[in-house]
Amino acid sequence: MIFIGDGALLRRAVRHAADRGHPVDLVCCTDPCDAAGAPHLDAPDVNACAATLAAACTDGIVWSLNNRRILRAPLLSRGLRILNVHNGLLPQHRGLPSVALLFALLHGDPEYGATLHEVDAGIDTGPVLAEHRFPIAPDARYHQVMLRGIRACQQLFEEQLPYVVAGAAAPAVSPRGPRAPSAYYGVRALDRLADHRDHPAYARATDLGPFAAHAPEVARALVAPPEPEG
């Protein structure tokens, strides 16, 4: 199997898979340390390396964890089963988790979590295979929910790994009530942040804590100068 992503979440997943005897054929990441001793490829565009990835993958499985790279053709047409562990619930928290979480708190979403889904040509639009949900406490702060979301991602990966290797995935947890409508949060969504500065949850929603370094787009938006009046 191949892993694509960066950071501690990726590193822990690689180690977990290797410790359980699964083949880790290649890890596509920026820092070789995140490959945890497995073969490493630092490719600015993994889609351009589709042939390399397809040739290296011995079981046809590709994992995307903490991955900001958008996977497109020709990688999607190589017959690989590509799965993404998304920090957030789909389809209501599509896009950058760093941005989606901020607006989840501002919108008063009752739940957050992690989602495993198949990767298709859209962004976080592939079929949902499994999810791990948890409630958002009324006084929860950004960094607290983000940390819990990362832990949920790790737990979801470890739970679902044997099912994926077996060629399936456990059924998704049934949501309480109708599934929330789809919403996408990219960097452009931060242009609306100024409209929420008087929101009672603004302080909690923007308390990045130790995640400020890992959410640079949000950190920059929070210190952006106010719009000139007039």
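Everything numeric here is computed off the predicted structure, so don't read it as measured data. (Residues numbered from 1 in each chain as written. Predicted model: local features only at pLDDT ≥ 70, side-chain atom pairs only at ≥ 80, totals over all residues. Heavy atoms only, no water.)

So, about the packing of helix α3 (residues 97-106) against helix α4 (residues 142-165). Remark: α3 packs on α4, axes separated minimally by 10 Å, with the N-to-C direction vectors making an angle of 125°. Taken together, α3 and α4 sit at an angle that is classed as oblique. You can see that α3 and α4 cross each other, and the crossing is right-handed. Contacts from P97, S98, L101, L102 and L105 of α3 reach α4 at Y142, V145 and M146. (Axes fitted to C-alpha atoms, helices over the stretch in contact; angles between N-to-C directions. Helix = DSSP H or I, 4+ residues; strand = E, 2+ residues; numbered from the N terminus. Parallel < 35°, antiparallel > 145°, perpendicular 65-115°, else oblique. Left-handed = near helix turned anticlockwise from the far one by under 90°. Contact = heavy atoms within 4.5 Å.)

Another point: the side chain of D34. Considering the arrangement of structural elements, one finds D34 in the loop between β2 (26-28) and β3 (40-41). Look at D34 and you get buried, because its relative accessible area is 7%. With sequence-adjacent residues up to four places away left out, D34 is seen in contact with D6, G7, L10, R11, V14, V27 and C29. (Buried < 20%, exposed > 50% of the residue type's maximum accessible area, 1.4 Å probe, protein only.)

Bringing the nonpolar core into the picture now. Counting residues in hydrophobic clusters, the biggest one holds 54 residues, and the most contacted among them are F3, V27, W63, L65, L116 and Y142. For this core, the element with the most residues is α4, which contributes 9 residues. Contact partners of F3, with chain neighbours within four places excluded, come to L10, A13, V14, A17, V24, L26, V27, C28, W63, L65 and F157. With 15 residues, the next largest nonpolar core counts I2, A50, L71 and L80 among its residues. (Core = buried A, V, L, I, M, F, W, Y, C linked by side-chain atoms within 4.5 Å.)

Glancing now at the sheet that holds strand β8 (residues 128-135). In space, the 7 strands of this open sheet follow the order β3-β2-β1-β4-β5-β7-β8, with mixed pairing throughout. Both outer strands of the open sheet, β3 and β8, are each paired with one neighbouring strand and no more. The sheet strands contacting helix α1 (residues 7-19) are β1 (2-5), β2 and β4 (61-65), and the helix crosses β1 at an angle near 170°. (Pairing = 2+ DSSP bridges.)

Inspection of every chain in the model, using the stated rule, returns 0 disulfides. In this model C29 remains outside any disulfide bridge; the closest cysteine sulfur is found in C28, 7.7 Å from its own. Note on C49: no disulfide assigned, nearest cysteine sulfur contributed by C28 at a separation of 7.2 Å. (Disulfide = S-S within 2.5 Å.)

We now examine the pattern of salt bridges. Considering all chains together, one arrives at 7 salt bridges under this definition. Residue R133 is joined to E111 by a salt bridge in which the shortest nitrogen-to-oxygen separation is 2.7 Å. Here R133 is found in strand β8, whereas its partner E111 is found in strand β7 (residues 111-118), with 22 residues between them in sequence. Here R133 matches E111 in class, with each residue buried. Here R133 makes a salt bridge to E131, at a shortest N to O gap of 2.7 Å. Given the relative accessible area of 5%, E131 is considered buried. Because the salt bridges share partners, they merge into one network encompassing E111, E131 and R133. (Salt bridge = Lys/Arg side-chain N within 4 Å of Asp/Glu carboxyl O.)

For β7, a buried count of 8 out of 8 residues is recorded, marking the element as mostly surrounded by other parts of the structure. Taking every second residue as pointing to the same face, both faces of β7 are buried, with E111, G113, T115 and H117 on one and Y112, A114, L116 and E118 on the other. Two elements, strand β5 (residues 81-87) and β7, share 5 bridges in a ladder whose sense is antiparallel. Note on β7: the bridge partner recorded for V85 is L116.

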